[in-house]
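Chains, contacts and geometry: an overview
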Amino acid sequence: MSSTEQPGVRGASEPAQTVPPAGDPPVHDGEAVRSVSLTGLTLNIRSRPPARSGLPPAVYVHGLGGSSLNWSALMLELAGDLDSEAVDLPGFGLSPPPDDGNYSLSAHARALIRYLDACGRAPVHLVGNSLGGAVATRAAALRPDLVRTLTLISPALPEVPPQRTALPTALLAVPGVAGLFARLTKDWSAEQRTRGVLGLCYGDPGRVSPVGFDAAVAEFERRLRLPYFWDSLARSARGLVDAYTLGGQHSLWRQAERVLAPTLLVYGGRDQLVSFRMARRAAAAFRDSRMLALPDAGHVAMMEYPGVVACAVRELLVDTARLTARTEVGDSSPPRPVPRKGD
């Protein structure tokens, strides 16, 4: 797929209902949620039954302040291709905080790895967005046996200096700032907060339908009632910023170079949190990568353009399966070229 090809994109007059309904617990039609207890933490897992048995497993990891709900639209698009599960990281969605209070990037990666080890489904097709992209990158580098392919949507890999529109989010990592912000905005309505989040994350917030917006407001209200909401957000932001400062073998860029899995990189041209200019560096870092660039997308392309992202994921699955089959039969013919940015 060309880096700018956008098959099936809805027109501006057809806003996407990309934010799933919220309930208690929030479950989109056709989905199921369950809790998985591991030593020291409990993870909520959202799943969508595959269209047929025997489909390969996939696991999705959300970004900072997000939840497994962020993947409902993409899981629905890929129901005929993958047996999908989405994880709520500790302290997010319906997952309670970890017992040790550790929200570092490494802790989130360990939680993901522990789940992949315990679920009996690995190796999986691993998909991550933003913070979840950084978590997935670290997991894929440390445990290549658990990851069949890797899809990263606006991954939060170190960017120095960050673009100016991302600085307010980075400030959450400063001790005391999250609490101060909570006090300063205590009179803000859930509608105001939701509009702010959608304006930051979407290239065009108008793509969210009125029904989707109301659902997002209800989910925001639920999260604000959690006593650990601001703490988990601030500590995870701090963990991500701390990870940006690491060098040597612990550097996220160094770990990206160690990833063996075929990798799909998705970047949005209107992303206010991860600069589009990082796409070129990411394509050079991941050894077996392809690029999907969406000029009109923001930070959450899987919610803004789920059909387009699903199409690119399918191509990755098909090409990876073809290469695996060729290797198993000893075919020495050259593999199909991997599309790269600019092809």
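Throughout what follows, the structure given in this document is the object of discussion. (Residues numbered from 1 in each chain as written. Predicted model: local features only at pLDDT ≥ 70, side-chain atom pairs only at ≥ 80, totals over all residues. Heavy atoms only, no water.)

Digging into the nonpolar core
If you look at the biggest cluster of nonpolar residues, it comprises 50 residues, and the most contacted ones within it are Leu126, Leu150 and Phe286. Look past the residues within four positions of Leu150 in its chain and what remains in contact with it is Leu126, Ala136, Ala140, Val259, Ala261, Pro262, Thr263, Leu264, Phe286 and Leu316. (Core = buried A, V, L, I, M, F, W, Y, C linked by side-chain atoms within 4.5 Å. Buried < 20%, exposed > 50% of the residue type's maximum accessible area, 1.4 Å probe, protein only. Contact = heavy atoms within 4.5 Å.)

Let's talk about the packing of helix α6 (residues 190-201) against helix α7 (residues 210-224)
Between α6 and α7, whose axes approach to 9 Å, the crossing angle comes to 110°. Viewed along their axes, α6 and α7 adopt a mutual orientation that is roughly perpendicular. Note on element contacts: α7 touches α6 through Phe213, Ala216, Val217, Phe220, Glu221 and Leu224, opposite Ala190, Glu191, Arg193, Thr194, Arg195, Val197 and Leu198. For the contact of α6 with α7, the residue count by class is 8 nonpolar, 1 polar and 4 charged. (Axes fitted to C-alpha atoms, helices over the stretch in contact; angles between N-to-C directions. Helix = DSSP H or I, 4+ residues; strand = E, 2+ residues; numbered from the N terminus. Parallel < 35°, antiparallel > 145°, perpendicular 65-115°, else oblique. Nonpolar A, V, L, I, M, F, W, Y, C, P; charged D, E, K, R; others polar.)

Structural notes on the packing of aromatic side chains
Enumeration according to the criterion identifies 3 aromatic pairs in this entry. Aromatic side chains Phe220 and Phe229 sit 6.2 Å apart centroid to centroid with 50° between the ring planes, which places their arrangement in the tilted category. In this structure, Phe220 and Phe229 share a single accessibility class: buried. Considering the side-chain rings of Phe229 and Trp230, the 5.0 Å spacing of their centres and the 80° angle between planes classify their relative orientation as edge-to-face. Classification of Trp230 as partly exposed rests on a relative accessible area of 22%. Here the aromatic cluster, defined as three or more aromatic residues joined through ring pairs, consists of Phe220, Phe229 and Trp230. (Phe/Tyr/Trp six-rings, centres within 6.5 Å; stacked < 30°, edge-to-face > 60°.)

Thoughts on α7
Between the first and last C-alpha of α7 there are 21 Å, a value that for 15 residues agrees with the 21 Å anticipated at 1.5 Å per step. Residues of α7 that are buried: Gly212, Phe213, Ala215, Ala216, Val217, Glu219, Phe220, Arg222 and Arg223. Packing partners of the buried residues in α7 comprise α6 and α8 (229-244). (Expected span 1.5 Å × (residues − 1).)

Looking at the side chain of Ser275
Note that Ser275 resides in the loop between β7 (263-268) and α10 (278-285). In contact with Ser275, other than residues within four places in its own chain, are Glu159, Gln163 and Tyr267.

Some details on the pairing of strand β1 (residues 32-38)
One face of the sheet, then the other: side chains in a regular strand alternate in exactly this way. The pairing of β1 with strand β2 (residues 41-48) spans 7 bridges and is classified as antiparallel. Residue pairing for β2: Ala32 is matched across the bridge by Ser47. Between β1 and β2, which pair antiparallel one after the other, the connecting turn spans 2 residues, and Gly40 there sits at a positive phi close to 85°. (Pairing = 2+ DSSP bridges.)

Things to note about the environment of Ser130
Relative to the assigned elements, Ser130 resides in the loop between β5 (124-129) and α3 (131-142). Note: C-alpha distance between Ser130 and Leu152 (22 residues apart in sequence) is 7.9 Å.

Re α3
The end-to-end C-alpha distance of α3 is 17 Å, a good match for the 16 Å that 12 residues give at a rise of 1.5 Å each. For α3, a buried count of 11 out of 12 residues is recorded, marking the element as mostly surrounded by other parts of the structure. Where α3 is concerned, the buried positions are Leu131, Gly132, Gly133, Ala134, Val135, Ala136, Thr137, Arg138, Ala139, Ala140 and Ala141. Lining the buried residues of α3 we find β3 (57-61), α2 (105-119), β5, β6 (147-153), α8 and α9 (252-258).

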